[in-house]
Amino acid sequence: MAPRALLGTGRSPNRALRAVGVAFVAASFLVAFPWEPIRTAWRYPIWAVLVAVGLASAGYAGRHRGGLLAGWGATFLAAIWVFVVPPLAAVVRGATLDDGGYAVPRPSTVALGPRAELLTGLRIGPVVALAVALTLGSAAYALGAAVRRRSDRF
């Protein structure tokens, strides 16, 4: 019972992770795209949609017996994106904080350059993403499992 609940059955774990993977790649392309409104004004809505897709995938995994590990993985990928991908895209583009071509991808009180932001994100991003995955991912998975149990009764 426990391995099936953790690992899932059928194709549901792959579908949940695939949905987040597609959203992860699409959001990464939007951030790497050199159009300024996407990098500045739309950076928070892009992240919010990505986290919503991660939570929906965790709920899908719970609803369709996809496994708690798939729910955690989907939420983890969605949460870590904001810490790693936008600063990485800025480093690859060669943007600097001084020329106005780089906007901090997350709320920050200290104005860091892209390289410093990337290093900071690599250090604290996995910790925050793990906390989000374990709390919100577990809650979304449990909600999906509750919906499945309720629909099985009726």
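Refer to the preceding data block for the structure.
Scoring rules and cut-offs
- Residues numbered from 1 in each chain as written.
- Predicted model: local features only at pLDDT ≥ 70, side-chain atom pairs only at ≥ 80, totals over all residues.
- Heavy atoms only, no water.
- Helix = DSSP H or I, 4+ residues; strand = E, 2+ residues; numbered from the N terminus.
- Buried < 20%, exposed > 50% of the residue type's maximum accessible area, 1.4 Å probe, protein only.
- Contact = heavy atoms within 4.5 Å.
- Axes fitted to C-alpha atoms, helices over the stretch in contact; angles between N-to-C directions.
- Parallel < 35°, antiparallel > 145°, perpendicular 65-115°, else oblique.
- Left-handed = near helix turned anticlockwise from the far one by under 90°.
- Nonpolar A, V, L, I, M, F, W, Y, C, P; charged D, E, K, R; others polar.
- Core = buried A, V, L, I, M, F, W, Y, C linked by side-chain atoms within 4.5 Å.
- Patch = residues over 30% accessible without salt bridge, like charges linked within 9 Å, V, L, I, M, F, W, Y side chains within 5 Å.
- Areas by Shrake-Rupley, 256 points an atom, 1.4 Å probe, with all protein chains shown as cover.
- Salt bridge = Lys/Arg side-chain N within 4 Å of Asp/Glu carboxyl O.
- Expected span 1.5 Å × (residues − 1).

(A) How the structure looks around the environment of valine 91. Checked against the element boundaries, valine 91 lands in helix α5 (residues 68–93). For valine 91, a relative accessible area of 37% gives the class partly exposed. Sequence separation of valine 91 and arginine 115 is 24 residues, and the distance between their C-alpha atoms is 6.1 Å. Excluding residues within four positions of it along the chain, valine 91 makes contact with Pro114, Arg115 and Leu118.

(B) Representation of the packing of helix α2 (residues 12–32) against α5 within the structure. In contact at an axis separation of 9 Å, α2 and α5 are set at 20 degrees when each is read in the N-to-C sense. Overall, the two elements α2 and α5 adopt an arrangement that is roughly parallel. By crossing handedness, the relation of α2 to α5 is classed as right-handed. In this structure, α2 contributes Pro13, Ala16, Leu17, Val20, Phe24, Ala27, Ser28, Val31 and Ala32 to the contact, and α5 contributes Ala70, Gly73, Ala74, Leu77, Ala78, Trp81, Val85, Pro86, Ala89 and Arg93. The residue inventory of the contact of α2 with α5, partitioned by class, reads 16 nonpolar, two polar and one charged.

(C) Local environment of the nonpolar core. Of all hydrophobic cores here, the largest spans 16 residues; its most connected members are Ala27, Leu50, Trp81 and Val84. For this core, the secondary structure elements donating two or more residues are α2, α4 (43–63), α5 and α6 (114–153). Element by element, the count of residues in this core is highest for α5, at nine residues. In this view, tryptophan 81 contacts Phe24, Ala27, Ser28, Val31, Ile46, Trp47, Leu50 and Pro86; residues no more than four positions away in its chain are not counted. Ala16, Leu68, Ala70 and Tyr141 belong to the second-largest nonpolar core, a separate cluster that totals five residues.

(D) Looking closely at a nonpolar patch on the surface. On the surface, Phe33, Trp35 and Trp42 cluster together into a nonpolar patch covering about 350 Å² of accessible area. Within the secondary structure layout, phenylalanine 33 lies in the loop between α2 and α3 (36–40).

(E) Local environment of α4. Helix length check: α4, at 21 residues, gives a terminal C-alpha distance of 30 Å against a target of 30 Å (1.5 Å per residue), a fit within 8%. Those residues of α4 that fall on the buried side of the exposure criterion are Arg43, Ile46, Leu50, Val51, Gly54, Ser57, Ala58, Gly59, Ala61 and Gly62. Phi turns positive one or two residues past the end of α4, at arginine 65, with a value near 55 degrees.

(F) Just the side chain of serine 57, in detail. With respect to the helices, strands and loops of the structure, serine 57 is situated in helix α4. Since its relative accessible area comes to 6%, serine 57 is described here as buried. Not counting residues up to four positions away in its chain, the partners in contact with serine 57 are Ala16, Ala19, Val20 and Ala74.

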